[in-house]
Amino acid sequence: MTERRENPYVWVTWISKLLAGEAHCEWAAWFKAHHAQFEKRPPTFDFAKWNAEHGRMVRERARALAKEGYNVGLEEQNKFNLKGASGATLGGKPDLVAVREAEVLVVDCKTGQTRGADYFQVLVYMLALPLCRPQYKNLSLSGRVEYQDHAIQIPPEELTQEAADRVWELMERVVSDDESARVPSAGECAFCDITRRDCPDRIDEAPDSLKGEELAPF
Ligand code: SF4
């Protein structure tokens, strides 16, 4: 069933947790980049409920931005595939891309709690979009992560050369023919959809099973 891709393909959400330091197993991203078909564990959350909540948020925020005078593109309209010199592709789909005069605002809507990965997801969109859409190149690009009750703004200055270099360095490792390191841990494997068929190091025990056998002196 596992099928190797001819050219690696990386979805932005596979690398955003790694960039934020919220995940450490680069092999998971490397494996997905190189394999189109593989056995997946069932999702650990109610996807239909999430889809409905997320869709409602996206439409509400789009309406609000349109009222502020932005020309707003939604989800599929914003999908991009950024080709690299190696033949690999970085793909993404920002929830909203809003354009007003010389200003572009990239927005992603999150129904859950604040995570560093969300910030990096939008930062990567800000980096990739002008390379795919030349019309954004000379405009001021900023980002925003919208949560239910607050928003995190990402001004253009936060997309530094150092941040861009970190993204490209990680991409180079993930699309490389050389396998990245596997970093199994109960906490991270629990949220990984790769089964033991492809990842022999997978840890399925609950984190409680890692507790020490002896009592500590406190
Ligand atoms: S199951 Fe665990 S070790 Fe295997 S790829 Fe996923 S996170 Fe990494």
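Quantities reported herein were computed from a predicted structural model and do not represent experimental measurements.

1. A word on helix 2 (residues 26-34)
Extensive coverage of helix 2 is indicated by the burial of nine of its nine residues. Turning to helix 2, its buried residues are E26, W27, A28, A29, W30, F31, K32, A33 and H34. Those residues of helix 2 that are buried are in contact with strand 1 (3-4), strand 2 (9-11), helix 1 (12-20), strand 3 (35-37) and helix 5 (161-175).

2. Description of the packing of helix 2 against helix 5
For the pair helix 2 and helix 5, interaxial distance at closest approach is 8 Å and the crossing angle is 65 degrees. You can see that helix 2 and helix 5 cross each other, and the crossing is right-handed. Across the interface between the two elements, E26, A29, W30, A33 and H34 from helix 2 touch L170, R173, V174 and V175 from helix 5. Among the residues forming the contact of helix 2 with helix 5, the class breakdown is six nonpolar, one polar and two charged.

3. Considering the side chain of D118
Its place among the elements puts D118 in helix 4 (residues 116-132). Polar contacts involving the side chain of D118 include one to the side chain of Y147, which spans 2.6 Å. Those residues in contact with D118 that sit more than four places away from it in its chain are K110, Q113, V145 and Y147.

4. Notes on the environment of L159
Tracing the sequence through the fold places L159 in the loop between strand 10 (151-154) and helix 5. Between the C-alpha atom of L159 and that of V124, which follows or precedes it by 35 residues, the distance is 8.7 Å. Sequence-distant contacts of L159, defined by excluding residues within four places in its chain, comprise L123, M126 and L127.

5. Digging into the sheet that holds strand 4 (residues 71-74)
The mixed open sheet is built from five strands, whose spatial order is 4-7-8-9-10. Since the sheet does not close on itself, it has two edges, and those belong to strand 4 and strand 10, each with one partner. Averaged over all pairs of adjacent strands, the angle between their axes in this sheet comes to 20 degrees, without regard to strand direction. For strand 4 and strand 7 (residues 96-100), the ladder comprises four bridges, and the chain directions are antiparallel. Bridge pairing in strand 7 links V72 to A98. On top of the sheet, helix 3 (residues 47-67) reaches strand 4, strand 7, strand 8 (103-109) and strand 9 (140-146); it is set at about 160 degrees to strand 8, its chief contact. The strands touched by helix 4 within the sheet are strand 7, strand 8, strand 9 and strand 10, with strand 9 carrying the most contacts at an inclination of about 155 degrees.

Reading the values: rules and limits
- Residues numbered from 1 in each chain as written.
- Predicted model: local features only at pLDDT ≥ 70, side-chain atom pairs only at ≥ 80, totals over all residues.
- Heavy atoms only, no water.
- Buried < 20%, exposed > 50% of the residue type's maximum accessible area, 1.4 Å probe, protein only.
- Helix = DSSP H or I, 4+ residues; strand = E, 2+ residues; numbered from the N terminus.
- Contact = heavy atoms within 4.5 Å.
- Axes fitted to C-alpha atoms, helices over the stretch in contact; angles between N-to-C directions.
- Left-handed = near helix turned anticlockwise from the far one by under 90°.
- Nonpolar A, V, L, I, M, F, W, Y, C, P; charged D, E, K, R; others polar.
- Polar contact = N/O pair within 3.5 Å; in protein donor to acceptor, adjacent residues only side chain to side chain.
- Pairing = 2+ DSSP bridges.

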